[in-house]
Amino acid sequence: QSVSMSDSELIDAHLTHLRAAGYSQHTVDARSMVLHCLHRWLPYGLAWAATDELAAWQATDGWSRATRATYAMHIRAAYQWWTRAGLLDGDPTADLPHPRCPRCVPNPVTDDELAAALQRSAEPWHTIVLLAAYAGLRVAEIARLRREDVTEQTIRVVCGKGGDPGVVDTHPAVWTHLHRRPPGPVILDRHGQPVDGRWISYRARRHFDCIGLPEVTPHRFRHWYASALLDGGTDVRVVQEMMRHRNISSTQGYTQVRTGQRRLAIRTLPVPTSHPSGRPAAQ
């Protein structure tokens, strides 16, 4: 039960808390979307939600496992904060089932898909592909990138995932492509205006369909970046730093171990001179 606050006021108070705590705008927008969606679905609103109603919403048909887990995380975090802040008398998510988040399976583009994307893409898509594949940038980071952030040695990521800044090394192909650009946003729309990450995400499907790469998404180039680094002999801890992951488990979800690497690894196992029984090993 709410302490004399409407659902809109509850949502606004929580979003204000997130901004004050330094959460990224992407997180704030995602939380807002989920809470408003839940508010419209619940028969009596957020303040009067029962656990079984939240469980029924969480079981909505057609959602992927990842979507179900993400939405559950958002509503659980909101209700926990409302309860701690004294805005609700109790937390109806306390006994809510925790959906299992699916394991992230590496899905990099192939080398041929990358080459085709670079060859067939006009601007701004050529630059978007280049920055995703050779700097490992996410679409929101690409959208925010300014020419002043790029030097021959490094690329400054002003606001990465979670609002954290970062620095990545500049690949020679990226520097060659960008070093003559004027100051200002690197990615502009056809009217010469800056874009955001949603602009790139929404239009990417149509672009890659049009150039004959229907299975390609911008994030798969980031997967390629991590997997290609690992395949080239880079230590996974270094790849973690280059991907700007807090946990190495996140990096492992991006890095595909190729068959050739497994075959090479199996050949490094030492062969004993004899079996434990003392008989000579077969030649």
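From a predicted model like this one, the values you see are computed outputs, not experimental measurements.

Participant: I'd like a description of the overall build of the protein chain, backed by residues and values.
Facilitator: Across its full length, the protein chain holds 13 helices and two strands. Counting over 283 residues, the protein chain shows a buried share of 39%. When the accessible surface of the protein chain is summed, it comes to about 16300 Å², and 54% of that surface belongs to carbon and sulfur atoms.

Participant: Just give me the short version of the packing of helix 5 (residues 111-120) against helix 6 (residues 125-134), but keep the residues and values in it.
Facilitator: In the contact formed by helix 5 and helix 6, the axes pass within 8 Å of each other and the chain directions differ by 150°. Comparing the axis directions of helix 5 and helix 6 gives the class roughly antiparallel. In this structure, the crossing between helix 5 and helix 6 has a hand that is left-handed. The residues of helix 6 that touch helix 5, namely those facing L114, A117 and L118, are H126, V129, L130, A133 and Y134. Tallied by class, the residues present in the contact of helix 5 with helix 6 amount to seven nonpolar, one polar and no charged.

Participant: Any details on the environment of C210? Residues and values, ideally.
Facilitator: Tracing the sequence through the fold places C210 in helix 9 (residues 197-210). Taking the C-alpha atoms as reference, C210 lies 9.8 Å from S121; in sequence the two are 89 residues apart.

Participant: Please set out the packing of aromatic side chains residue by residue, giving values where relevant.
Facilitator: Taken as a whole and judged by the stated rule, the model has eight aromatic pairs. Here the aromatic rings of W57 and Y71 are separated by 5.9 Å at their centres, their planes lie at 15°, and the arrangement is stacked. Of this pair, W57 sits in helix 3 (residues 51-58) while Y71 sits in helix 4 (residues 65-84), and the two are 14 residues apart along the sequence. For the pair W57 and Y71, one class covers both residues: buried.

Participant: Break down helix 9 for me, with residues and values.
Facilitator: Along its 14 residues, helix 9 runs 20 Å from first to last C-alpha, staying within 8% of the 20 Å computed at 1.5 Å per residue. The sharpest bend along helix 9 reaches about 40° and sits at A204. Considered for burial, the residues of helix 9 that qualify are G197, W199, I200, A204, H207 and F208. For helix 9, the side-chain oxygen to backbone nitrogen distance between the N-cap and R198 is 3.2 Å, and the N-cap itself is D196. Phi for G212, located one or two positions after helix 9, is positive at around 80°.

Basis of the calculations
Residues numbered from 1 in each chain as written. Predicted model: local features only at pLDDT ≥ 70, side-chain atom pairs only at ≥ 80, totals over all residues. Heavy atoms only, no water. Helix = DSSP H or I, 4+ residues; strand = E, 2+ residues; numbered from the N terminus. Buried < 20%, exposed > 50% of the residue type's maximum accessible area, 1.4 Å probe, protein only. Areas by Shrake-Rupley, 256 points an atom, 1.4 Å probe, with all protein chains shown as cover. Axes fitted to C-alpha atoms, helices over the stretch in contact; angles between N-to-C directions. Parallel < 35°, antiparallel > 145°, perpendicular 65-115°, else oblique. Left-handed = near helix turned anticlockwise from the far one by under 90°. Contact = heavy atoms within 4.5 Å. Nonpolar A, V, L, I, M, F, W, Y, C, P; charged D, E, K, R; others polar. Phe/Tyr/Trp six-rings, centres within 6.5 Å; stacked < 30°, edge-to-face > 60°. Expected span 1.5 Å × (residues − 1). Bend = angle between axes of the 7 residues up to and from the residue. Polar contact = N/O pair within 3.5 Å; in protein donor to acceptor, adjacent residues only side chain to side chain.

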